[in-house]
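The primary structure of each chain is shown beneath.
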Amino acid sequence: MAEIHPWATHAAVNANCLAAQDKDAYWGFADYIHANQADVNSEKSHDGQFAALDRMAQAQGQKHNLDGAKLLACIKAQQDDNVKASVHEAEALGVEATPTMFVNGEKVDGALSISELRAVLDRALVQAGVPAPMHSATASAGGSQPTSK
């Protein structure tokens, strides 16, 4: 992870600091970081990148009315044990891509189209003895499914 994204561990620790107080703050930070990686990468040094991540995490904390002192202490501590354990577990499972998911024991690497993901889920349902649902042609092509009223 750190080989590809030198600041990824720092960002993951900050995300965990947010999650300790509020799951929505975690997801807001994760979404923001994914959409704004260029802002972090534009910093010239690792210290600058880390400082940018810390500002972004603190902004999320303010947005979600978190305990600012507790969040800042967590961010400054940069306790990465949980992140390292997660990376170790992923390596042990053979995870080599993001995203990777496991569906009924089947490893699925990379982003999938809706029809590909649906096929994986349908296969898991059938293996579990549950009939796979019928899918409309529009839904299979990636369109939205009709809603019932």
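Check the entry above for the structure.
This one's a predicted model, so the numbers in the text were calculated from it and none came from an experiment.

Student: Any chance you could explain the packing of aromatic side chains here in plain terms?
Tutor: One pair of aromatic rings is described through two measures. These are the centre distance and the angle between the planes. Tallied over the full model, the rule gives one aromatic pair. Ring geometry for Y26 and W27: centres 4.9 Å apart, planes at 90°, overall edge-to-face. Judged by relative accessible area, Y26 falls into the partly exposed class, the value being 24%.

Student: For this particular structure, what's the right way to read the state of the cysteines?
Tutor: One covalent bond between the sulfur atoms of two cysteine residues makes up a disulfide. Within this structure, the stated rule accounts for one disulfide. Paired through a disulfide, C17 and C74 show a sulfur-sulfur distance of 2.1 Å. Disulfide C17-C74: torsion about the S-S bond near -80°, hence left-handed. A residue pair is termed long-range when its members are at least 10 positions apart, and C17 in helix α1 (residues 8-19) and C74 in helix α5 (residues 68-77) qualify at 57 residues.

Student: I keep staring at the packing of helix α4 (residues 46-63) against α5 and nothing clicks. Help me out?
Tutor: Think of two packed helices as two axes; the pair is described by the angle between the axes and how far apart they sit. It is the contact of α4 with α5, at a shortest axis distance of 10 Å, that shows an interaxial angle of 155°. Considering their axes alone, α4 and α5 lie roughly antiparallel with respect to each other. Of the two possible hands of crossing, α4 and α5 adopt the one that is right-handed. For the pair formed by α4 and α5, the contact residues are D54, A57, Q58 and G61 on the first element and L71, L72 and I75 on the second. The residue inventory of the contact of α4 with α5, partitioned by class, reads four nonpolar, two polar and one charged.

Student: Quick question: what am I supposed to make of the nonpolar core here?
Tutor: Considering soluble globular proteins, one finds that nonpolar side chains tend to be buried as a cluster. Judged by nonpolar contacts, the single largest core of 17 residues is most densely connected at W7, L18, F29, I33 and L53. Elements supplying a minimum of two residues to this core: α1, α2 (23-35), α4 and α5. Per-element accounting of this core gives the leading share, five residues, to α1. Those residues in contact with L53 that sit more than four places away from it in its chain are W7, H10, A11, N14, F29, I33 and V40.

Student: What is the right way to read the pattern of salt bridges from this model?
Tutor: Oppositely charged side chains can pair when the atoms bearing their charge come close. Counting across every chain of the model gives four salt bridges. For E43, the salt bridge identified is with R55, shortest N-O distance 3.8 Å. Of the two residues, E43 is situated in the loop between α3 (37-41) and α4 and R55 in helix α4; the sequence distance between them amounts to twelve residues. Among the residues examined, E43 registers a relative accessible area of 29% and is labelled partly exposed. Take R55: its relative accessible area is 49%, and that puts it in the partly exposed class.

Student: Would you explain the pairing of strand β1 (residues 100-103) in this entry?
Tutor: Two faces belong to every sheet, and in a regular strand the side chains alternate between them. Sheet topology note: the β1/strand β2 (residues 106-109) ladder contains four bridges and is antiparallel. Bridging across to β2, V103 finds its partner in E106. Linking β1 to β2, which pair antiparallel, is a turn of two residues; within it N104 sits at a positive phi near 55°.

Student: What is the right way to read the side chain of D54 from this model?
Tutor: Inspection of the secondary structure puts D54 in helix α4. The side chain of D54 is buried and forms no salt bridge, while K76, the nearest opposite charge, is found at 7.1 Å.

Student: Is there a simple way to explain unusual backbone geometry in this structure?
Tutor: Negative phi values dominate among residues other than glycine, just as trans dominates among peptide bonds. A cis amide bond links T98 to the next residue, P99, at an omega of 0°. You can see P99 is positioned in the loop between α6 (81-92) and β1. Although it is not a glycine, Q78 adopts a positive phi angle of roughly 50°. With respect to the helices and strands, Q78 occurs in the loop between α5 and α6. Unlike most non-glycine residues, N104 shows phi in positive territory, near 55°.

Cut-offs and rules
- Residues numbered from 1 in each chain as written.
- Predicted model: local features only at pLDDT ≥ 70, side-chain atom pairs only at ≥ 80, totals over all residues.
- Heavy atoms only, no water.
- Phe/Tyr/Trp six-rings, centres within 6.5 Å; stacked < 30°, edge-to-face > 60°.
- Buried < 20%, exposed > 50% of the residue type's maximum accessible area, 1.4 Å probe, protein only.
- Disulfide = S-S within 2.5 Å.
- Helix = DSSP H or I, 4+ residues; strand = E, 2+ residues; numbered from the N terminus.
- Axes fitted to C-alpha atoms, helices over the stretch in contact; angles between N-to-C directions.
- Parallel < 35°, antiparallel > 145°, perpendicular 65-115°, else oblique.
- Left-handed = near helix turned anticlockwise from the far one by under 90°.
- Contact = heavy atoms within 4.5 Å.
- Nonpolar A, V, L, I, M, F, W, Y, C, P; charged D, E, K, R; others polar.
- Core = buried A, V, L, I, M, F, W, Y, C linked by side-chain atoms within 4.5 Å.
- Salt bridge = Lys/Arg side-chain N within 4 Å of Asp/Glu carboxyl O.
- Pairing = 2+ DSSP bridges.
- Lys, Arg positive; Asp, Glu negative; His and termini not counted.

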